[in-house]
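The chain contents come next:
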Amino acid sequence: QVQLVESGGGLVQAGGSLRLSCAASGLTFSNYAMGWFRQAPGKEREWVVAITRSGYTVYADSVKGRFTISRDNAKNTVYLQMNSLKFEDTAVYYCAAHFTRLRNYYSTLVAEYNYWGQGTQVTVSS
C-alpha cells in the first residue's frame, strides 16, 4: 500500500519560512518523479514545483527564488523549503508521486501523478 505523508505545515507570518516534508512508503521511491501542488479555497489545485528522478528541479514562476525542493532517496522523502512566504501562498499543500522510467522527466499535470498525500495546511498571515 502506497502512502505519502506530508508534515511541516502551519501558521507563519508573511516573510517567514516553513519546511514541508513528504515521507513515502510502499513504493520504490527512486523510480518516481515527485511534485508539490497546492490548493487554495475556491481555486483549482495548482502545480508548484517538481523534481525528477535525477534531481533536476523545476519551479512555477510564482515561487521561483523562494521555494526549494529536494529529495533524499535513502529516506524516501521529498522536502519543500519555503522562504519569504506571502499571503497568497496560503493553501493546502500536497505532495505527489509520478512513476516514470525516464530519469529526467517531470510533470506539471495533476492527472499524470499516480499517488497523492493527504495534504498539509500552510497559512501565511499578512
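About the thresholds
Numbering of residues starts from 1 in each chain and follows the order in which that chain's sequence is written. Owing to the predicted nature of the model, reporting of local features is limited to residues with pLDDT of at least 70; listing and counting of side-chain atom pairs is limited to 80 or more, with chain, interface and lining totals taken over all residues. No hydrogens and no water enter the side-chain calculation; it runs on all heavy atoms of the structure. Criterion for a disulfide: a pair of cysteine sulfur atoms within 2.5 Å. Secondary structure follows DSSP: runs of H or I at least 4 residues long count as helices, runs of E at least 2 residues long count as strands, and numbering of each begins at the N terminus. Exposed residues in this analysis have more than 50% of their type's maximum accessible area, buried residues have under 20%, and partly exposed residues fall in between, with area computed by a 1.4 Å probe over protein chains only. One side-chain nitrogen of Lys or Arg within 4 Å of one carboxyl oxygen of Asp or Glu is enough to make a salt bridge.

Peer 1: For the state of the cysteines, give the residues involved together with the corresponding values.
Peer 2: All chains considered together, the criterion is met by one disulfide. Between Cys22 and Cys95 runs a disulfide, and the two sulfur atoms are separated by 1.9 Å. Between Cys22 and Cys95 the sulfur-sulfur dihedral comes to about 45°; the bridge is accordingly right-handed. In this pair, Cys22 is assigned in strand 3 (residues 18-25) and Cys95 in strand 9 (residues 91-99), connecting sequence segments 73 residues apart. Residue classification places Cys22 among the buried positions, given a relative accessible area of 0%. Since its relative accessible area comes to 0%, Cys95 is described here as buried.

Peer 1: Describe the environment of Trp36, and please don't skip the residues or the numbers.
Peer 2: For Trp36, the position within the fold is in strand 4 (residues 32-39). With 42 residues separating them along the chain, Trp36 and Val78 place their C-alpha atoms 9.2 Å apart.

Peer 1: Provide a residue-level description of the pattern of salt bridges, including the pertinent values.
Peer 2: Following the criterion strictly, the structure yields four salt bridges and no others. Notably, a salt bridge pairs Arg38 with Asp89, separated by 2.9 Å at the nearest N-O pair. Taken together, the residues Arg38 in strand 4 and Asp89 in the loop between strand 8 (77-82) and strand 9 connect sequence positions 51 residues apart. Look at Asp89 and you get buried, because its relative accessible area is 0%.

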